[in-house]
Amino acid sequence: ALPTIRIIFWSSRMNLQRICACAGFSVALSASAAMADFPDDRPLTIVVPFGAGGSTDAVARFLAPELEQRLGQSVVVRNETGAGGTIGSASVAASDADGYTLGYIPVGPLATQPHLRRLPYGPEDFDYVCRLSNSPNVLFAQAGGDYSSVDDVVSAARQAPGELVYVAVPGGMPHLSMIGLNELYGIEMKRITGDTSAAAKHISGGVAQFHSGPASTLKQFDLAPLAVFGDQRIPTLPEVPTLAELGHPLEFSTWFGLVVAKGTPEPILSTLEEACREASESESFHQHLVQLDTPIDFLGSQDYAQFVIDQYESLGELLSDAGLVR
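What this report covers is the structure whose coordinates are included nearby. Since the structure is predicted, the reported quantities are computational estimates derived from the model, not experimental observations. (Residues numbered from 1 in each chain as written. Predicted model: local features only at pLDDT ≥ 70, side-chain atom pairs only at ≥ 80, totals over all residues. Heavy atoms only, no water.)

## Let's talk about helix 3 (residues 86-93)
Here is step 1: For helix 3, the full list of buried residues reads T86, G88, S89, A90 and V92.
Here is step 2: In this structure, the buried residues of helix 3 make contact with strand 1 (44-48), strand 3 (101-106), helix 4 (107-116), strand 4 (126-142) and strand 9 (253-261). (Buried < 20%, exposed > 50% of the residue type's maximum accessible area, 1.4 Å probe, protein only. Helix = DSSP H or I, 4+ residues; strand = E, 2+ residues; numbered from the N terminus. Contact = heavy atoms within 4.5 Å.)

Now the structure itself:
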């Protein structure tokens, strides 16, 4: 009887192995089929971590129909606001890694906010689909005021250390670009807190002298652009020199791109990347972004991921030097 029992036991184990192997193969086939069918009959969602009506929201809403056309599925935009864009960003990081929830997220929530506060995510908690735009910051002063060039700014700052004032929200790109400018030229200015709207008001009222922001700022506020924080002139501001031209290369920009939750399967990531690439080459999308003064500057998935890492590290060093890192 003993040999018979052994034979039956062995046979049962072999059957169990076959069942497990078949089950695993079936799951793999099912997952492959799901990826091959992406997207299925479910709509995709682009989470914008800022309110409706702003420039970030506007680009996302121009992007949605471009992606719909290329993916063959509806794409809706959902605004999840709060905490400097980190609430919506956290929502994307916590979503299913299936490619159906994307975030259209700028530099702040990805590369600066994780240094400033304790968050439920970091830049490592995303997979990166593509970068779509990269807008160099511009140094602004009062239109028709005392400052018409960077030389004017530097000369005045050296004559009165700590007396000239710029306006910026702590830890944002305007703040970081002004920190960089001060360090580069060895000058010292004072900061008061405020967004672009507050900056325009303070500058026109003589409370402050400078602000830094994207070129699109000029569509809303009467300010004088003095220099571009980049290595190339901005087409809509052809007379404004870059800091690189002035012998002091310094690059600060506001960039945006699409991300998904970490662990999104590579075939799905590739499908989204290609749709994003084609959208960036669309004439209609290009025209929409020209209206917003938002230049298209595409990076694919791998290059964008490395770009974010580099930005996270370099901006983190500036924040640390400024004593802002948590």
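## Focus on the state of the cysteines
Here is step 1: Under the criterion given, the structure shown has 1 disulfide.
Here is step 2: For C130, the disulfide goes to C276, at an S-S distance of 1.8 Å. Judged by the sign of its S-S torsion, about 70°, the cystine formed by C130 and C276 is right-handed. Note that C130 is positioned in strand 4 and C276 in helix 8 (residues 266-280), a separation of 146 residues in sequence.
Here is step 3: Of the residues examined, C276 reaches a relative accessible area of 0% and is grouped as buried. (Disulfide = S-S within 2.5 Å.)

## Comments concerning helix 5 (residues 150-159)
Here is step 1: Taken residue by residue, helix 5 has V150, V153, V154, A156 and A157 as its buried positions. The buried residues of helix 5 occupy an angular sector of 170° when the element is viewed end-on, so they sit on one face. Of the residues in helix 5, the exposed ones pointing more than 90 degrees away from the buried face are D151, R158 and Q159.
Here is step 2: The inward-facing, buried residues of helix 5 contact strand 4, helix 6 (173-185) and strand 8 (223-228). (Arc of directions from axis to C-beta.)

## Describing the nonpolar core
Here is step 1: Of all hydrophobic cores here, the largest spans 46 residues; its most connected members are L110, L181, M189, F210 and Y304.
Here is step 2: Counting only elements with at least two residues in this core, the list comes to helix 3, helix 4, strand 4, helix 5, helix 6, strand 8, strand 9 and helix 10 (301-321).
Here is step 3: If we skip the residues at most four places from it in the chain, L110 touches I105, P123, F126, Y128, W255, V259, Y304, V308 and Y312.
Here is step 4: With 30 residues, the next largest nonpolar core counts F38, V48, Y100 and F256 among its residues. (Core = buried A, V, L, I, M, F, W, Y, C linked by side-chain atoms within 4.5 Å.)

## Comments concerning the environment of G145
Here is step 1: Along the chain, G145 falls in the loop between strand 4 and helix 5.
Here is step 2: Counting along the chain gives 79 residues from G145 to A224, while the straight-line C-alpha distance between them is 8.4 Å.

## A short note on the pattern of salt bridges
Here is step 1: Taken as a whole and assessed by the stated rule, the structure comprises 11 salt bridges.
Here is step 2: One salt bridge in this structure joins D98 and R42, with 3.6 Å as the shortest N-O distance. In this pair, D98 sits in the loop between helix 3 and strand 3 while R42 sits in the loop between helix 1 (2-36) and strand 1, placing the two residues 56 residues apart along the sequence.
Here is step 3: You can call R42 partly exposed: its relative accessible area is 37%.
Here is step 4: Salt-bridge contacts for D127 lead to K262; the nearest nitrogen and oxygen are separated by 3.4 Å. Of the two residues, D127 sits in strand 4 while K262 sits in the loop between strand 9 and helix 8, which places them 135 residues apart along the sequence.
Here is step 5: It is possible to trace a salt-bridge network through shared partners that takes in D40, R42 and D98. (Salt bridge = Lys/Arg side-chain N within 4 Å of Asp/Glu carboxyl O.)

## Quick look at the packing of aromatic side chains
Here is step 1: Across all of its chains, the model carries 10 aromatic pairs by this definition.
Here is step 2: Taking the centre distance of 6.2 Å and the plane angle of 80° together, the rings of F229 and F252 count as edge-to-face. Taken together, the residues span a long stretch of sequence, with F229 in the loop between strand 8 and strand 9 and F252 in the loop between strand 8 and strand 9 at a distance of 23 residues.
Here is step 3: According to the relative accessible area criterion, F229 is buried, its value standing at 2%.
Here is step 4: With centroids separated by 6.5 Å and ring planes inclined at 25°, the aromatic side chains of Y304 and F307 adopt a geometry described as stacked. Taken together, the residues span about one helical turn, with Y304 and F307 both in helix 10 at a distance of 3 residues.
Here is step 5: The buried category is assigned to Y304, whose relative accessible area is 0%.
Here is step 6: Above the ring of Y100, the side-chain terminus of R42 is found at 3.7 Å from the ring centroid.
Here is step 7: In this structure, R131 is placed above the aromatic ring of F307, and the distance from its NZ or CZ to the ring centre is 4.6 Å. (Phe/Tyr/Trp six-rings, centres within 6.5 Å; stacked < 30°, edge-to-face > 60°. Lys NZ or Arg CZ within 6 Å of the ring centre and 35° of its normal.)

## Looking at the pairing of strand 1
Here is step 1: A large share of strand 1 lies buried, amounting to 5 of its 5 residues.
Here is step 2: Here strand 1 shows two buried faces, one formed by L44, I46 and V48 and the other by T45 and V47.
Here is step 3: Bridge analysis of strand 1 against strand 2 (residues 75-79) gives 5 bridges, and the strand direction is parallel. Pairing of V48 across the sheet is with N79, part of strand 2.
Here is step 4: Two strands pair when backbone bridges link them, and strand 1 and strand 3 are joined in this way by 3 bridges, in the parallel orientation. (Pairing = 2+ DSSP bridges.)

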